[in-house]
Amino acid sequence: KQDCYVHSIDGYFEEKRYDCDDCEQIISTHKLNPGDVTQMIDTDNYHSLENKTGKPAKSLHFYAKPINKCDVYCNDTNQFIERTLTYDCCISDFI
């Protein structure tokens, strides 16, 4: 099981959650304000985040354990495609 947390740092986002059997079926929608955190623990659903700020926004995504791949929905093809993830970390940031 994989838990995902998203922290809105700067800007306003709209999160939509979709049923995994019907990618166009929106289960819920809610707004994320700066400082808000949303949690995705249901592996049977997918979510999207849309920047509603009108300028660049920042969000930070936390995973309960590292994941190497995830499915990403492609609006152009209306299909999920598998993407390989990478992680960046600078040790000096933590010292």
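Each remark here, short or long, concerns the structure printed above.
Report on the accompanying structure.

Definitions and limits used
- Residues numbered from 1 in each chain as written.
- Predicted model: local features only at pLDDT ≥ 70, side-chain atom pairs only at ≥ 80, totals over all residues.
- Heavy atoms only, no water.
- Pairing = 2+ DSSP bridges.
- Helix = DSSP H or I, 4+ residues; strand = E, 2+ residues; numbered from the N terminus.
- Axes fitted to C-alpha atoms, helices over the stretch in contact; angles between N-to-C directions.
- Patch = residues over 30% accessible without salt bridge, like charges linked within 9 Å, V, L, I, M, F, W, Y side chains within 5 Å.
- Areas by Shrake-Rupley, 256 points an atom, 1.4 Å probe, with all protein chains shown as cover.
- Salt bridge = Lys/Arg side-chain N within 4 Å of Asp/Glu carboxyl O.
- Buried < 20%, exposed > 50% of the residue type's maximum accessible area, 1.4 Å probe, protein only.

**Things to note about the sheet that holds strand 3 (residues 26-32)**
The 3 strands lie next to each other as 3-2-5, forming an open sheet whose pairing is antiparallel. Edge positions in the sheet fall to strand 3 and strand 5 (45-51), since each of these pairs with one other strand and no more. Taking each pair of neighbouring strands and ignoring which way they run, the sheet shows an average axis angle of 20 degrees. With 7 bridges joining them, strand 2 (residues 13-19) and strand 5 adopt antiparallel strand pairing. Bridging from a neighbouring strand, Glu 15 pairs with Leu 49 of strand 5.

**Some details on a nonpolar patch on the surface**
A contiguous nonpolar surface patch, about 260 Å² in accessible area, is contributed by Ile 9, Leu 60 and Phe 62. Following the sequence through the fold, Ile 9 ends up in strand 1 (residues 4-10). Using a relative accessible area of 41% as the deciding quantity, one classes Ile 9 as partly exposed.

**Some thoughts on the pairing of strand 7 (residues 69-74)**
The sheet contact formed by strand 7 and strand 8 (residues 79-84) spans 6 bridges and is antiparallel. If you follow Asp 71 over to strand 8, its bridge partner there is Glu 82. In this structure, the hairpin formed by strand 7 and strand 8 is closed by a connection of 4 residues, where Asn 78 is found at a positive phi of approximately 55 degrees.

**Comments concerning the sheet that holds strand 4 (residues 37-40)**
Strand order in the open sheet formed by 3 strands is 4-1-6, with antiparallel pairing between adjacent strands. Whereas interior strands pair on both sides, the edge strands pair on one side only; in this sheet they are strand 4 and strand 6 (58-63). Adjacent strand axes in the sheet meet at a mean angle of 20 degrees, parallel and antiparallel pairs treated alike. In this sheet, strand 6 lies alongside strand 1 in antiparallel orientation, the contact comprising 6 bridges. Bridging from a neighbouring strand, Ser 8 pairs with Ser 59 of strand 6.

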